[in-house]
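# Examining the three-dimensional arrangement
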There are 2 protein chains.
Amino acid sequence: MSSSRSTGARVPLGREIAEDLRRRIVAGEFAPGSRLPSEAELCSQYRVSRVTVRTAAKALESQGLVDIRHGSGMFVVDFGGQIRSGLQELRSITETIEELGLNAKVRRVALTRRQADENERTRLDLTSDDAEVVAVHREILADDQVVAVSIDSIPASLVPASEDAGLGNGSVFAVLDRIGLTPVRALAEIHAVRGNDVPIAEGHVADELLILLDQVHYDRSGDPVAYSKTYFVEGRFQFVILRTR
Amino acid sequence: MSSSRSTGARVPLGREIAEDLRRRIVAGEFAPGSRLPSEAELCSQYRVSRVTVRTAAKALESQGLVDIRHGSGMFVVDFGGQIRSGLQELRSITETIEELGLNAKVRRVALTRRQADENERTRLDLTSDDAEVVAVHREILADDQVVAVSIDSIPASLVPASEDAGLGNGSVFAVLDRIGLTPVRALAEIHAVRGNDVPIAEGHVADELLILLDQVHYDRSGDPVAYSKTYFVEGRFQFVILRTR
DNA sequence: AATTGATCAGTTGTCCTACAACCTGAGGCT
DNA sequence: AGCCTCAGGTTGTAGGACAACTGATCAATT
């Protein structure tokens with residue numbers, strides 16, 4: 001069971017600093033390959049202890065953004081390209097598109113409350129046979145070109161009917177957030193599929209190849225809060241993963 | 001430029017403990033959803049300071065393996081399934097297959113030294129026009145079924161001819177390691193392709209759909225050390241990514 | 001009886017100081 | 001040139017302390 005508390009959710013200092021450092025890095029304040037200020041200096045910049053700075057640094061390191069070298073410093077990882085945001089980080093697709101410098105739009109195709117199918121019941125861990133979901137069918141556009149179509153299913157019991165309206169328009173994340181169910185983890189499967197085999201595609205991708213991102217989102221307490229199938233048109237979206245050791 | 005030192009590469013304590021904890025978790029010593037020993041207890045188990053334990057814990061957290069909750073403890077993340085190893089972690093394919101409980105084999109199809117094509121020159125950051133690569137073409141089998149075919153290209157200047165023999169047989173990683181060029185990061189693109197369009201497939205995947213993992217591996221100093229294209233047959237390999245915030 | 005509120009022990013978050021291990025560059029030496 | 005030593009800066013680890021948070025217990029109130 002999940003507590004639907006508003007989760008005062010104070011953000012730990014370490015995470016806050018990590019996010020700020022990340023922002024500064026992607027903003028270009030530190031060039032790729034260059035050295036960041038030493039831990040001691042960051043301490044005085046942020047007025048926190050070294051422990052906290054190190055917490056943030058470690059987080060950035062495991063995101064693959066920086067490289068920490070014993071005895072010499074912390075360096076911004078330098079890839080030829082300037083890709084900073086990979087699939088391993090959980091963020092909305094529109095967010096990712098925007099960060100690539102494109103204009104992201106979302107068009108709601110349909111929104112229904114209906115009985116969950118077997119797949120949805122399994123993925124969302126719904127026990128009762130007549131459990132319902134709110135299903136949102138959308139198209140995602142980058143610079144006015146359709147790059148993906150998606151179906152997001154959320155257990156109906158989690159969504160007050162008053163929120164239905166908001167679901168199609170903005171980001172699903174925003175609505176979940178408002179309800180107090182922020183997804184913090186997602187387990188995604190990747191598949192290759194033919195356009196013809198996609199039931200929700202409206203003709204315009206019939207002969208295309210698609211990449212299917214089949215994922216379940218979980219909140220902090222480990223409960224599944226959303227199940228999405230997102231079909232990306234091959235070639236129109238850069239699908240990048242940063243793999244680290 | 002990279003120093004090709006043998007990289008004494010002492011493993012930091014924190015990482016060592018993180019790896020051991022990971023091993024214990026996947027081995028089932030701690031059930032999904034259950035609480036791990038407190039930091040204090042882990043300190044005495046491993047005879048290290050709390051700083052080190054926390055370093056390890058944070059690493060596991062950002063790998064998505066555990067969830068650390070302020071005031072209450074560290075918990076093994078509980079997914080319905082028992083998937084523990086996602087694509088976001090850099091490990092060899094054979095390793096991943098083995099961890100799934102399958103029998104992994106590799107069959108070398110060809111190994112050549114040849115001039116790098118333009119794509120390889122770009123990805124591997126080779127400046128001279130007549131730069132050479134060692135190209136290894138292999139098939140990866142899980143339980144005696146072909147799940148992927150791959151081409152790995154390594155700048156010829158990095159590989160002494162004496163190592164060529166080892167390249168096809170075992171893991172490419174092992175050979176790179178021996179040369180002193182351990183990949184610690186990889187930037188991977190994902191594409192969907194048709195079997196017919198894969199030049200190296202030998203007929204047996206003509207009508208299949210494939211997932212192409214197109215990736216460059218980098219060593220610790222940021223130099224590219226290998227470029228691989230791996231074609232996974234759709235449906236025969238579980239392609240999972242754990243996305244975290 | 002049920003709810004509320006205070007208290008307490010246990011756990012993670014942050015701070016401080018100190019030292020070990022490591023890397024880099026400067027300078028002196030051959 | 002190359003090699004060595006050394007000093008200074010940087011990250012890794014240690015130990016102790018307190019703050020902030022969680023979950024449970026239990027008394028007080030309704």
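Scroll up a little and you will see the structure.
In this convention, every chain numbers its residues from 1, walking through the sequence in written order. As they are written, the chains are lettered A onward and the ligands numbered 1 onward, keeping that order. In view of the model being predicted, local features appear only for residues whose pLDDT reaches at least 70, and side-chain atom pairs are presented and counted only at 80 or more, with totals across whole chains, interfaces and linings using the full set of residues. Water and hydrogen atoms play no part in the side-chain values, which are based on all heavy atoms of the structure.

Let us look at the overall build of chain A. Secondary structure elements follow DSSP: runs of H or I of four or more residues count as helices, runs of E of two or more count as strands, with numbering from the N terminus. When you go through chain A residue by residue, the secondary structure sums to seven helices and nine strands. Expressed along its principal axes, the backbone C-alpha trace of chain A runs to roughly 60 × 45 × 30 Å. Only heavy atoms matter for contacts: two residues are in contact if any of them lie within 4.5 Å across the pair. Counted over contacts in chain A with a minimum sequence separation of 6, partners at least 24 positions apart contribute 58%. In the form shown here, chain A has an accessible surface area of approximately 11800 Å², with 47% of it arising from carbon and sulfur atoms. Positive: Lys, Arg. Negative: Asp, Glu. His and the chain ends are not part of the count. The atom standing in for a charge is NZ when the residue is Lys, CZ when it is Arg, CG when it is Asp and CD when it is Glu. Between the centroid of the 30 positive side chains of chain A and the centroid of its 36 negative side chains there is a distance of 7 Å. Accessible surface area values rest on a Shrake-Rupley calculation with a 1.4 Å probe, where residue burial reflects the displayed protein chains alone.

The subject of this paragraph is the pattern of salt bridges. Note on pairing: side chains with opposite charge can pair once their charged atoms come close. All names here are of chain B. Criterion for a salt bridge: a side-chain nitrogen of Lys or Arg within 4 Å of a carboxyl oxygen of Asp or Glu. A complete count under the given rule lists 32 salt bridges over all chains for this structure. Among the ionic pairs, Arg 114 bridges to Glu 120, the shortest N-O distance being 3.0 Å. The buried label applies to any residue whose accessible area, calculated with a 1.4 Å probe on protein chains only, is under 20% of its type's maximum; exposed applies above 50%, and partly exposed to all values in between. Judged by relative accessible area, Arg 114 falls into the partly exposed class, the value being 29%. Residue Glu 120 is classed as buried on the basis of its relative accessible area, which comes to 4%. The partner of Arg 123 in a salt bridge is Asp 214, with the nearest N and O atoms 2.7 Å apart. Here Arg 123, found in helix H5 (residues 118–124), pairs with Asp 214, found in strand E7 (residues 209–219); they are 91 residues apart in sequence, far enough to count as distant. Judged by relative accessible area, Arg 123 falls into the partly exposed class, the value being 23%.

Paired rings are identified among Phe, Tyr and Trp, the last through its six-membered ring, by centres lying within 6.5 Å, and are further divided according to the angle between planes into stacked (under 30 degrees), edge-to-face (over 60) and tilted (the rest). A complete count under the given rule lists six aromatic pairs over all chains for this structure. With 4.8 Å between their ring centres and 80° between their planes, Phe 232 of chain B and Phe 239 of chain B make a pair best called edge-to-face. Exposure remark for Phe 232 of chain B: the relative accessible area of 2% places this residue in the buried category. Residue Phe 239 of chain B is classed as buried on the basis of its relative accessible area of 1%. Measuring from centroid to centroid gives 5.9 Å for Phe 237 of chain B and Phe 239 of chain B, while their planes differ by 75°, and the two rings are edge-to-face. Of the aromatic side chains, those joined through ring pairs into one cluster are Phe 232, Phe 237 and Phe 239 of chain A. Seen from the ring of Phe 75 of chain A, Arg 69 of chain A lies directly overhead, with NZ or CZ sitting 4.2 Å from the centre. Geometrically, a charge over a ring is one whose NZ (Lys) or CZ (Arg) sits within 6 Å of the ring centre while staying within 35 degrees of the ring normal.

Turning our eyes to something else, we now look at the sheet that holds strand E9 (residues 240–244) of chain B. When DSSP locates at least two bridges between a pair of strands, those strands are taken to pair. The strand order across the open sheet built from seven strands is E3(A)-E4(A)-E5(A)-E8(A)-E7(A)-E6(A)-E9(B), with neighbouring strands paired in antiparallel fashion. Since the sheet does not close on itself, it has two edges, and those belong to strand E3 (104–115) of chain A together with E9 of chain B, each with one partner. Each strand of the sheet is rotated relative to its neighbour by a mean of 20°, with strand direction disregarded. Pairing geometry for E3 of chain A and strand E4 (residues 132–142) of chain A, over 11 bridges, is antiparallel. Looking across to E4 of chain A, one finds that Ala 110 of chain A is bridged to His 137 of chain A. Only the stretch in contact is used when fitting a helix axis, every axis being a line fitted to C-alpha atoms; angles between N-to-C directions are given from 0 to 180 degrees. In the packing of helix H7 (residues 172–179) of chain A onto the sheet, the strands contacted are E4, strand E5 (145–155), strand E6 (183–194), strand E7 (209–219) and strand E8 (224–233) of chain A, and the crossing angle to E5 of chain A comes to about 25°.

Our focus in this paragraph is the nonpolar core. For soluble globular proteins, nonpolar side chains are generally found buried alongside one another. Take the buried residues of types Ala, Val, Leu, Ile, Met, Phe, Trp, Tyr and Cys, join any two whose side-chain atoms come within 4.5 Å, and each joined set is a nonpolar core. Within the largest apolar cluster, 34 residues are counted, with the highest numbers of intra-cluster contacts made by Ile 190 and Phe 239 of chain A together with Ile 190 and Phe 239 of chain B. For this core, the elements supplying multiple residues, two or more each, are E4, E5, E6 and E7 of chain A together with strand E4 (132–142), strand E5 (145–155), strand E6 (183–194) and E7 of chain B. Excluding residues within four positions of it along the chain, Ile 190 of chain A makes contact with Leu 87, Ile 211, Leu 212 and Leu 213 of chain A together with Ile 190, Ile 211, Glu 234, Phe 239 and Ile 241 of chain B. The next biggest cluster of nonpolar side chains, apart from the first, holds 18 residues, and it includes Ile 17, Leu 21, Phe 30 and Tyr 46 of chain A.

As for its position among the elements, Ala 59 of chain A is in helix H3 (residues 50–62). Residues Ala 59 of chain A and Ala 18 of chain A, 41 residues apart in the sequence, show an inter-C-alpha distance of 6.7 Å.

By convention in these notes, a residue is near a molecule or strand provided one of its non-hydrogen atoms lies within 4 Å of it. Neighbouring residues of DNA strand C: 23 residues in total, closest Leu 13 and Thr 52 of chain A together with Arg 50, Arg 54 and Gly 71 of chain B. A breakdown of the atoms of DNA strand C within 4 Å of the protein gives sugar and phosphate a share of 67%. Pairs of N or O atoms are called polar contacts if they sit within 3.5 Å, as long as, within protein, a hydrogen donor faces a hydrogen acceptor (for residues adjacent in sequence, only side-chain-to-side-chain pairs). A distance of 3.3 Å separates a phosphate oxygen of DNA strand C from a polar backbone atom of Gly 14 of chain A. Between DNA strand C and the protein, one listed contact pairs a base nitrogen with a side-chain N or O atom of Arg 50 of chain B at 2.8 Å. Those elements giving two or more residues to the surface near DNA strand C turn out to be helix H1 (13–26) and H3 of chain A together with helix H3 (50–62), strand E1 (66–69) and strand E2 (73–76) of chain B. The nonpolar class holds Ala, Val, Leu, Ile, Met, Phe, Trp, Tyr, Cys and Pro. Asp, Glu, Lys and Arg form the charged class, and all remaining residues, Gly among them, are polar. Of the residues contributing to the surface near DNA strand C, the split by class is six nonpolar, 10 polar and seven charged.

A word on the protein's contact with DNA strand D. Near DNA strand D you find 23 residues, and of these Arg 50, Arg 54 and Gly 71 of chain A together with Leu 13 and Thr 52 of chain B are the closest. Counting only the atoms of DNA strand D within 4 Å of the protein, the fraction contributed by sugar and phosphate is 69%. One of the side-chain N or O atoms of Arg 35 of chain A is found 3.4 Å from a phosphate oxygen in DNA strand D. One of the backbone nitrogen or oxygen atoms of Gly 14 of chain B is found 3.3 Å away from a phosphate oxygen of DNA strand D. Those elements giving two or more residues to the surface near DNA strand D turn out to be H3, strand E1 (66–69) and strand E2 (73–76) of chain A together with helix H1 (13–26) and H3 of chain B. Broken down by element, the surface near DNA strand D gets its largest block of residues, three residues, from H3 of chain B. Of the residues assigned to the surface near DNA strand D, the class counts are six nonpolar, 10 polar and seven charged.

Just distances and angles here, no functional claims.
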